[in-house]
Amino acid sequence: MSTEHEIGELVSRYTRAADQRNGELMAELYEVDAVVEIHYRGPDGMELLGKLSGGAQIAAAMSAPPSGTMAPHPPLGWSHHTTYDHLVSVDGDEAGIETQFITFDVAGTPKPEGGWPAGTFGAQGTIKPIESGYYRFTFRRTDGAWRISHQDVIHDIPYVF
Amino acid sequence: MSTEHEIGELVSRYTRAADQRNGELMAELYEVDAVVEIHYRGPDGMELLGKLSGGAQIAAAMSAPPSGTMAPHPPLGWSHHTTYDHLVSVDGDEAGIETQFITFDVAGTPKPEGGWPAGTFGAQGTIKPIESGYYRFTFRRTDGAWRISHQDVIHDIPYVF
Amino acid sequence: MSTEHEIGELVSRYTRAADQRNGELMAELYEVDAVVEIHYRGPDGMELLGKLSGGAQIAAAMSAPPSGTMAPHPPLGWSHHTTYDHLVSVDGDEAGIETQFITFDVAGTPKPEGGWPAGTFGAQGTIKPIESGYYRFTFRRTDGAWRISHQDVIHDIPYVF
């Protein structure tokens, strides 16, 4: 597998871990000294919203209990962290991928007590884009394995914690 | 072309055949003994919603007349079957790709009898995500050609047939 | 980097230039004699909506001032030009990529004078798919560098200029 595929795979695994809010899967992706910076790219330039330092803190902040601090998905709830149109660079044991991202919030409709009404067809619920922007991943190869050493999450629109 | 590209191309062709509801294009992608399983990943675990056996049955179920049993797109209607963030594995003549998917329903606005009102600009209609989840494709190489041997369609939200 | 990656990178750079409405970035992607044709794939077949000839005209039409003629993004506004499920062909110094596309319009909510209300959380604004269809890129390699020589933009739904 080429380096391009290998680091692309890390981005795919990041989206799965984020969808699942799974701290164990998330922790495997980051270097122990990794840093994540969350920004809002506003009309007056980049504004730093928050910073996570170290793989353990990153994994905890991006996942739900038992290992993390995010709320778990509500019943019938889910999310998709989708990436697009990668720009890839590789330089020895350092590499980078910039992507567009959109996060979709998924909310299923519970089956009514008396069953679905006659004529109901297809997927029942709503799928809504709620976040967008750019991810900038920097990867480092240590002992033959690529991991994320730095990540910028750059939101297009105001983000309130 | 690498095996990774070749099987990724099958996923792209799958989305085109699904967008077009085109049974001929669909049939070219599957092994004659292929199986498609449609699931809903609910709060109580995976629930099997349906199973299609054999390339001919699969192609018929996923396409519109003359060869298929789906309704054709309505006038000015269309769909996009989009995939994201592939996880690829290759092992000799077997391979797999897991993707996120979102299906968008597209409905154009018919041009009014008297023409578009003054000031109308841009695309006229709605584009709405209606399905989401994960595809798991298994591929097999037979006589040098890769085809889909198994596909799981895993919906995030309740799905009613 | 393989030819497949190199031309895929051009598609990624196209989406960034389009998001930014940046004429300089756009101009770098096209051959000087490139042609862009914009179509609507209606129920009666393909309808040509417009044609741009030459890299300079293309860049001007797809970007905002100073170099372009599009309106700039409104305050807190942005867009994402996303592509999906590439079909790639390479033949010597000619190559092609067909993609699905969806354009998302992003509109941030301005921070209220008195600050965000108590309990506000997450991204503030709307992210809405407003255009969809297919891009067909043809690339040419000249003096070792790949550039876009022809692009079809094929809208799914009626488009009014």
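Since this is a predicted model, take the numbers as computed values, not measurements.

Quick look at the relation of the copies chain C and chain A
Note on the chain copies: they are related by a rotation about an axis and a translation along it. The transform that puts chain C on chain A rotates by 120 degrees and translates by 0.0 Å along the axis, for an RMSD of 0.0 Å. Both chain copies can therefore be described as sitting about a three-fold axis. Considering only C-alpha atoms, the residue of chain C closest to the rotation axis is C:Y84, which sits at 4.4 Å.

Some thoughts on the sheet that holds strand β6 (residues 125–142) of chain B
Strand order across the open sheet formed by 6 strands is β2-β1-β7-β6-β4-β3 (chain B), with mixed pairing between neighbours. In this open sheet, the two edge strands, each paired with only one partner strand, are β2 (45–53) and β3 (77–91) of chain B. The average undirected angle you get between the axes of adjacent strands in this sheet is 25 degrees. Packed onto the sheet, helix α1 (residues 3–20) of chain A meets β3, β4 (94–108) and β6 of chain B and runs at close to 115 degrees relative to β3(B).

A closer look at the interface of chain C and chain A
With 32 residues of chain C in contact, the opposing surface of chain A contributes 26 residues. Around 2,400 Å² of area is buried between chain C and chain A when both sides are counted, 61% of it from carbon and sulfur atoms. On the chain C side of the interface with chain A, the three residues burying the most area are C:R16, C:H80 and C:I127, jointly 27% of the side's total. Our enumeration of links across chain C and chain A arrives at 1 salt bridge. Two residues, A:E98 and C:R16, come together in a salt bridge whose shortest N-O distance is 2.5 Å. For the pair chain C and chain A, the interface holds 14 residue pairs in polar contact (both at pLDDT 80 or more). Looking at the side of chain C that touches chain A, the elements with two or more residues in it are α1 (3–20), β3 (77–91), β4 (94–108), β5 (122–123) and β6 (125–142) of chain C. Split by residue class, the side of chain C that touches chain A holds 12 nonpolar, 16 polar and 4 charged.

What to know about the layout of surface pockets
Residue and element names in this part refer to chain C. As a volume, the largest pocket reaches approximately 1,200 Å³. Considering the residues around the largest pocket, the lining is formed by 45 residues, among which H81, T103, I130, E131 and Y159 are closest to the centre. Sort the elements by how many residues they give to the lining of the largest pocket and β6 lands first, with 8 residues. The class makeup of the residues in the lining of the largest pocket is 26 nonpolar, 12 polar and 7 charged.

A few points about the packing of aromatic side chains
According to the stated counting rule, one finds 27 aromatic pairs over all chains in the structure shown. Put simply, the rings of A:Y14, A:F101, A:Y135, A:F137 and A:F139 pair up and form one aromatic cluster. If you follow A:R41 out to its NZ or CZ, it ends over the ring of C:W78, 4.1 Å from the centre.

Some words on the interface of chain C and chain B
Residue-level contacts link 26 residues of chain C with 30 residues of chain B. Taken together, both faces of the contact between chain C and chain B bury some 2,400 Å²; the carbon and sulfur share is 61%. When residues of chain C are sorted by the area they lose upon contact with chain B, C:D85, C:I157 and C:V160 head the list and together hold 25% of the total. Counting the contacts that link chain C with chain B gives 1 salt bridge. Taken together, chain C and chain B are joined by 14 residue pairs in polar contact (both at pLDDT 80 or more). Here the element with the most residues in the side of chain C that touches chain B is β6(C); it accounts for 6 residues. Looking at the side of chain C that touches chain B residue by residue, the class counts come to 15 nonpolar, 5 polar and 6 charged. Pairing between strand β5 (residues 122–123) of chain B and strand β8 (residues 159–160) of chain C: 2 bridges, direction antiparallel. Counterpart to B:A123 in the pairing with β8(C) is C:Y159.

Conventions used here
- Residues numbered from 1 in each chain as written.
- Chains lettered and ligands numbered in written order.
- Predicted model: local features only at pLDDT ≥ 70, side-chain atom pairs only at ≥ 80, totals over all residues.
- Heavy atoms only, no water.
- Least-squares fit on C-alpha atoms with pLDDT ≥ 70 in both.
- Pairing = 2+ DSSP bridges.
- Helix = DSSP H or I, 4+ residues; strand = E, 2+ residues; numbered from the N terminus.
- Axes fitted to C-alpha atoms, helices over the stretch in contact; angles between N-to-C directions.
- Contact = heavy atoms within 4.5 Å.
- Buried area = accessible area lost by both parts, 1.4 Å probe.
- Salt bridge = Lys/Arg side-chain N within 4 Å of Asp/Glu carboxyl O.
- Polar contact = N/O pair within 3.5 Å; in protein donor to acceptor, adjacent residues only side chain to side chain.
- Nonpolar A, V, L, I, M, F, W, Y, C, P; charged D, E, K, R; others polar.
- 1 Å grid on protein atoms, 1.4 Å probe; cavity = no way out; pocket = protein on both sides within 12 Å on 5 of 7 lines; lining within 4 Å.
- Points joined across faces, edges and corners; volume = space filled by probe spheres on them.
- Phe/Tyr/Trp six-rings, centres within 6.5 Å; stacked < 30°, edge-to-face > 60°.
- Lys NZ or Arg CZ within 6 Å of the ring centre and 35° of its normal.

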